[in-house]
Amino acid sequence: MASKQSEAVRRHWAAARLAMVRPDAEQPDGESWGDLTAEPRGVDYIEVEAAGLPAMWLVPKRRVQDRVLLCLHGGGYIGGSLYTHRKMFGHLAKAAGVRALVVDYRLAPAHTHPAQVDDAADAYRWLLDQGIDPAHIAFTGDSSGGALSVTAQLRARERGLPLPAAAMPFSPWTDMEAAGKSYETNQEKDPFFYPETVRTLAATFLGEGGDPRDPPASPLYADLAGLGPIYIQAGGDESLLDDARMLDEHARKAGVDVRLDVFPGMQHTFQMAAGRAPEADDAIGRMAAWVAPRLGL
């Protein structure tokens with residue numbers, strides 16, 4: 001049974017749905033998503049510019065300086081920011097004992113695919129230019145950022161860059177066509193992610209004439225052979241559950257070392273309740289424990 005604290009995530013998505021379908025409903029401000037997360041203690045925030053993009057270093061007091069998480073926020077490629085997600089990624093960085101860099105990539109509809117993939121790959125190149133060993137970098141992200149944690153690697157590979165040590169997508173949005181069976185099985189459990197909603201977001205992201213099966217947009221259609229280990233997390237009640245399952249299956253077929261954890265009763269990006277909900281803290285702890293040896297810690 002889901003904890004009382006984790007129910008805040010469900011209420012967040014229900015309020016977001018209501019605001020979408022009823023213009024007279026209270027409209028949440030752009031940063032309210034971050035209110036789900038408790039402030040992690042002992043983490044400093046330093047705003048910088050990375051590859052011409054707004055970015056923020058998350059620096060735990062106790063950390064290994066030369067290991068880095070490249071963090072890519074969610075928001076359907078149309079929202080989210082380093083401010084909405086700094087606390088959640090701060091919890092992850094603190095638990096892992098490493099620095100993290102959160103990047104504000106360009107958003108749709110002003111900037112459609114592949115702007116977001118290019119920006120994420122540019123941020124990775126910027127880290128390499130800072131002298132960070134690729135074997136000491138792991139990508140992570142939620143929802144659309146979860147997909148980017150994979151597709152940005154593919155763009156980096158196209159550019160001849162060495163690949164990072166690992167990736168940790170959670171609640172990854174990988175299927176632009178919203179074809180997973182979990183849209184039906186979790187229809188009564190997920191208050192926001194209906195197929196038509198996801199397809200509308202996909203159309204906004206892809207732009208006019210965009211292909212939902214373009215590999216840099218959907219890793220389900222990409223050649224993942226040669227990528228480092230991937231650790232996927234998903235909520236058992238989210239409509240995008242099959243997005244995670246399909247990514248897991250596709251990566252395994254490509255010979256990638258993959259782990260998938262599904263958390264019963266949890267919503268999409270439930271990790272945003274870090275510092276408040278035990279399920280979120282458990283998930284963050286699992287990520288940190290998994291990534292540490294992949295970064296040589």
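Going by the structure above, here's the rest.
The text that follows walks through the structure, step by step, so that each part is easy to find. (Residues numbered from 1 in each chain as written. Predicted model: local features only at pLDDT ≥ 70, side-chain atom pairs only at ≥ 80, totals over all residues. Heavy atoms only, no water.)

## Things to note about the overall build of the protein chain
Stage number 1. Of regular secondary structure, the protein chain possesses 8 helices and 8 strands.
Stage number 2. Radius of gyration (C-alpha) of the protein chain: 17 Å, near the 19 Å computed for a compact globule of 297 residues.
Stage number 3. For the protein chain, the proportion of its 297 residues judged to be buried stands at 60%.
Stage number 4. The long-range fraction of contacts in the protein chain, counting pairs at least 24 apart against all pairs at least 6 apart in sequence, stands at 79%.
Stage number 5. Across the protein chain, the mean location of the 30 positive side-chain charges is 6 Å away from that of the 40 negative side-chain charges. (Helix = DSSP H or I, 4+ residues; strand = E, 2+ residues; numbered from the N terminus. Rg over C-alpha atoms; globule rule 2.2 N^0.38 Å. Buried < 20%, exposed > 50% of the residue type's maximum accessible area, 1.4 Å probe, protein only. Contact = heavy atoms within 4.5 Å. Lys, Arg positive; Asp, Glu negative; His and termini not counted. Charge placed at Lys NZ, Arg CZ, Asp CG, Glu CD.)

## A short note on the environment of Leu148
Stage number 1. Structurally, Leu148 can be placed in helix α4 (residues 144-158).
Stage number 2. In the structure, Leu148 is positioned 27 residues away from Ala121 in sequence and 9.1 Å away in space, judged by C-alpha atoms.
Stage number 3. Excluding residues that lie within four positions of it along the chain, Leu148 makes contacts with Leu72, Tyr77, Tyr105, Gln116, Val117 and Gln153.

## Quick notes on the sheet that holds strand β3 (residues 64-72)
Stage number 1. Read from one edge of the open sheet, 8 strands run β1-β2-β4-β3-β5-β6-β7-β8, paired in mixed fashion. In this open sheet, the two strands that pair with only one neighbour each are β1 (43-50) and β8 (258-263). Pairwise comparison of adjacent strand axes, ignoring direction, gives a mean angle of 20° for this sheet.
Stage number 2. Two strands pair when backbone bridges link them, and β3 and strand β5 (residues 137-142) are joined in this way by 5 bridges, in the parallel orientation. Each bridged residue has a counterpart across the sheet, and for Cys71 the counterpart in β5 is Thr140.
Stage number 3. Against the sheet, helix α7 (residues 241-253) contacts β6 (166-170), β7 (230-235) and β8, and its axis sits at roughly 165° relative to β8. (Pairing = 2+ DSSP bridges. Axes fitted to C-alpha atoms, helices over the stretch in contact; angles between N-to-C directions.)

## Quick word on a nonpolar patch on the surface
Stage number 1. Taken together, Leu18, Met20 and Val21 make up a surface patch of nonpolar side chains, about 260 Å² in accessible area.
Stage number 2. One can find Leu18 in helix α1 (residues 7-21). (Patch = residues over 30% accessible without salt bridge, like charges linked within 9 Å, V, L, I, M, F, W, Y side chains within 5 Å. Areas by Shrake-Rupley, 256 points an atom, 1.4 Å probe, with all protein chains shown as cover. Salt bridge = Lys/Arg side-chain N within 4 Å of Asp/Glu carboxyl O.)

## Let's talk about the environment of Tyr231
Stage number 1. Relative to the assigned elements, Tyr231 resides in strand β7.
Stage number 2. Note on Tyr231: relative accessible area 0%, which makes it buried.
Stage number 3. The sequence separation of Tyr231 and Ala138 amounts to 93 residues, and the corresponding C-alpha distance is 11 Å.
Stage number 4. Sequence-distant contacts of Tyr231, defined by excluding residues within four places in its chain, comprise Ala167, Met168, Pro169, Arg259, Asp261, Arg286, Met287 and Trp290.
Stage number 5. One polar contact links Tyr231 to Gln233, side chain to side chain, over a distance of 2.9 Å.
Stage number 6. A polar side-chain atom of Tyr231 sits 2.6 Å from a polar atom in the side chain of Asp261. (Polar contact = N/O pair within 3.5 Å; in protein donor to acceptor, adjacent residues only side chain to side chain.)

## Regarding the packing of helix α2 (residues 82-96) against helix α8 (residues 278-294)
Stage number 1. Direction vectors running N to C along α2 and α8 enclose 45°, while the axes themselves pass 8 Å from each other. On the basis of their axis angle, the class for α2 and α8 is oblique. Once α2 is placed against α8, the crossing between them reads as right-handed. Contacts between α2 and α8 involve Met88, His91, Leu92, Ala95 and Ala96 from the former and Ile284, Met287, Ala288 and Val291 from the latter.
Stage number 2. Residues belonging to the contact of α2 with α8 are distributed by class as follows: 8 nonpolar, 1 polar and no charged. (Parallel < 35°, antiparallel > 145°, perpendicular 65-115°, else oblique. Left-handed = near helix turned anticlockwise from the far one by under 90°. Nonpolar A, V, L, I, M, F, W, Y, C, P; charged D, E, K, R; others polar.)

## Digging into the nonpolar core
Stage number 1. In this structure, Leu69, Leu101 and Leu224 are the most contacted members of the largest nonpolar core, which totals 92 residues.
Stage number 2. In terms of residues, this core owes the most to one element, helix α3 (residues 115-129), which gives 7 residues.
Stage number 3. Not counting residues up to four positions away in its chain, the partners in contact with Leu69 are Leu92, Ala93, Val98, Arg99, Ala100, Leu101, Ala138, Met168, Val291 and Leu295. (Core = buried A, V, L, I, M, F, W, Y, C linked by side-chain atoms within 4.5 Å.)

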